[in-house]
Amino acid sequence: MKNLIWISIFLISTITTFSQEKKAKDLLDEVTAKVKSYENIAIDFKYSLQNTKENINQDSKGNVVLKGNLYYLNFMGVTKIFDGKKTYTIVPEDEEITISKVDDKDENAITPSKMLTFFNSGYKYYWDILQDVKGRKIQYIKLVPISSKDQRKEILLGIDVQTKHIYNLIEIGKNGTKTTLTVNSFKTNQPVSKNQFTFDDTKYKGYYINRID
């Protein structure tokens, strides 16, 4: 009789876990489909880094324009442009530009163009809490990296239930570091210059150019 009870508990727990994982995956699939439906996306964001052990508490702001796998990113005084073949990292403070090719075979490379769809592989999914943020319903999905080499313990992805847009992303590292990226503005299908993702070296006369092939 006891064995039957334990088996029943195990089966119920397994079914519940599977159901929660499916709900999480279904919501993430909706987010991905929504992102891919847009011609382009413009995001203003806030980035926070905290580590109480090291007494670190930093806040920064940035913005990025995305179109397919192309992007134009401004963050912490650095501009990064990806034109589909090369990445241009521009550092005005040092008057330096680094030009590098992108390895298309590197699926683990983290780029702004993957920012809204990175979760599609390499993670286990868990349905987490629902929060009310200034009248918006934000559903959290917990992502746990499958690879034991990943230095992140877990990631909480906050999704606006109504729009299916990402509201924030909270990474918790194994070393206690917590980083939070919060989307302040999410605009889609905006007028974008045809040269938005083109590097123009005439704008950076006198800069040192470091080419990495």
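Draft legend 1. Highlighting the overall build of the protein. In terms of regular secondary structure, the protein is built from 1 helix and 12 strands. If you list the helices and strands of the protein from N to C, you get α-β-β-β-β-β-β-β-β-β-β-β-β. Going through the 213 residues of the protein one by one, you find that 35% of them count as buried. By element, 51% of the accessible surface of the protein is carried by carbon and sulfur atoms, the whole surface being about 14000 Å².

Draft legend 2. Summary view of the pattern of salt bridges. Counted according to the given criterion, the structure contains 9 salt bridges. A salt bridge links Glu 30 to Lys 164, with the nearest nitrogen and oxygen atoms 4.0 Å apart. With a gap of 134 residues between them, Glu 30 in helix 1 (residues 2-36) and Lys 164 in the loop between strand 9 (152-160) and strand 10 (166-173) connect regions that are remote in the sequence. Using a relative accessible area of 41% as the deciding quantity, one classes Glu 30 as partly exposed. Owing to a relative accessible area of 18%, Lys 164 belongs among the buried residues under this scheme. For Asp 150, the salt bridge is made with Arg 152, and the minimal N-O distance between the two is 2.9 Å. Summarising the burial analysis for this pair, Asp 150 and Arg 152 share the class buried. In the salt-bridge network here, residues are joined through shared partners; they are Asp 150, Arg 152 and Glu 171.

Draft legend 3. Structural detail: the environment of Thr 52. When you line up the elements, Thr 52 lands in the loop between strand 1 (41-51) and strand 2 (56-67). It is 7.8 Å that separates the C-alpha atoms of Thr 52 and Thr 177, two residues lying 125 residues apart in sequence.

Draft legend 4. Structural context of the packing of aromatic side chains. All told, the structure shown has 9 aromatic pairs when counted by the stated rule. Aromatic side chains Phe 45 and Phe 75 sit 5.6 Å apart centroid to centroid with 45° between the ring planes, which places their arrangement in the tilted category. One end of the pair, Phe 45, is in strand 1; the other, Phe 75, is in strand 3 (residues 70-75), and 30 residues separate them in sequence. Exposure remark for Phe 45: the relative accessible area of 5% places this residue in the buried category. The interplanar angle of 80° and the centroid separation of 5.4 Å between the aromatic rings of Tyr 47 and Phe 75 together place this pair among those described as edge-to-face. In this pair, Tyr 47 is assigned in strand 1 and Phe 75 in strand 3, connecting sequence segments 28 residues apart.

Draft legend 5. Representation of the pairing of strand 4 (residues 78-82). Sheet topology places strand 3 next to strand 4; 5 bridges connect them, and they run antiparallel. Within the sheet, the bridge partner assigned to Phe 75 lies in strand 4 and is Val 78. In terms of strand pairing, strand 4 meets strand 5 (residues 86-91) through 4 bridges, oriented antiparallel. Looking at the pairing, Phe 82 lines up with Thr 87 of strand 5. Connecting strand 4 to the antiparallel partner strand 5 that follows it, the hairpin turn spans 3 residues, and Gly 84 within it adopts a positive phi of roughly 105°.

Draft legend 6. Expanded view of the side chain of Glu 154. Within the secondary structure, Glu 154 sits in strand 9. On the accessibility criterion, Glu 154 (16% relative accessible area) is buried. Not counting the four nearest positions on each side in its chain, Glu 154 is found in contact with Lys 142, Leu 143, Val 144, Pro 145, Ile 170, Glu 171 and Ile 172.

Draft legend 7. Region of the structure containing empty space enclosed by the protein. Counted under the stated rule, the structure contains 1 cavity of 30 Å³ or more. Of the voids in this model, the largest cavity is the one considered here, and its volume is about 50 Å³. Taken together, Met 115, Leu 116, Ile 166, Leu 169, Leu 181 and Val 183 form the lining of the largest cavity. If you list the elements that add at least two residues to the lining of the largest cavity, you get strand 10 and strand 11 (178-188).

Parameters at a glance
- The numbers attached to residues start from 1 for each chain and follow its sequence in the written order.
- Selection of residues for local features in this predicted model requires a pLDDT of at least 70, selection of side-chain atom pairs for listing and counting requires 80 or more, and totals for whole chains, interfaces and linings are taken over all residues.
- Side-chain numbers here rest on the full set of heavy atoms in the structure, without hydrogens or water.
- Numbering goes from the N terminus for both helices and strands, where a helix is a DSSP run of H or I of at least four residues and a strand is a run of E of at least two.
- A simple rule labels every residue: compare its accessible area, found with a 1.4 Å probe on the protein chains alone, to the largest value its type can have, and call it buried under 20%, exposed over 50%, or partly exposed in between.
- We get accessible surface area from the Shrake-Rupley algorithm with a probe of 1.4 Å; when it comes to residues, only the shown protein chains can shield them.
- We define a salt bridge as a contact between a side-chain nitrogen of Lys or Arg and a carboxyl oxygen of Asp or Glu at a distance within 4 Å.
- Only rings of Phe, Tyr and Trp enter the pairing, Trp through its six-membered ring, and a pair is recorded when the two centres are within 6.5 Å. The plane angle decides the type: under 30 degrees is stacked, over 60 is edge-to-face, the rest tilted.
- At least two bridges found by DSSP between two strands are what make those strands a pair.
- Only heavy atoms matter for contacts: two residues are in contact if any of them lie within 4.5 Å across the pair.
- Grid points spaced at 1 Å and placed over the protein atoms alone form the basis of the search, with a cavity being a set where a 1.4 Å probe fits but cannot get out and a pocket an open set showing protein on both sides within 12 Å along at least five of seven lines. Lining residues have an atom within 4 Å of a point.
- Grid points are joined across faces, edges and corners, and a volume is the space filled by probe spheres set on the points.

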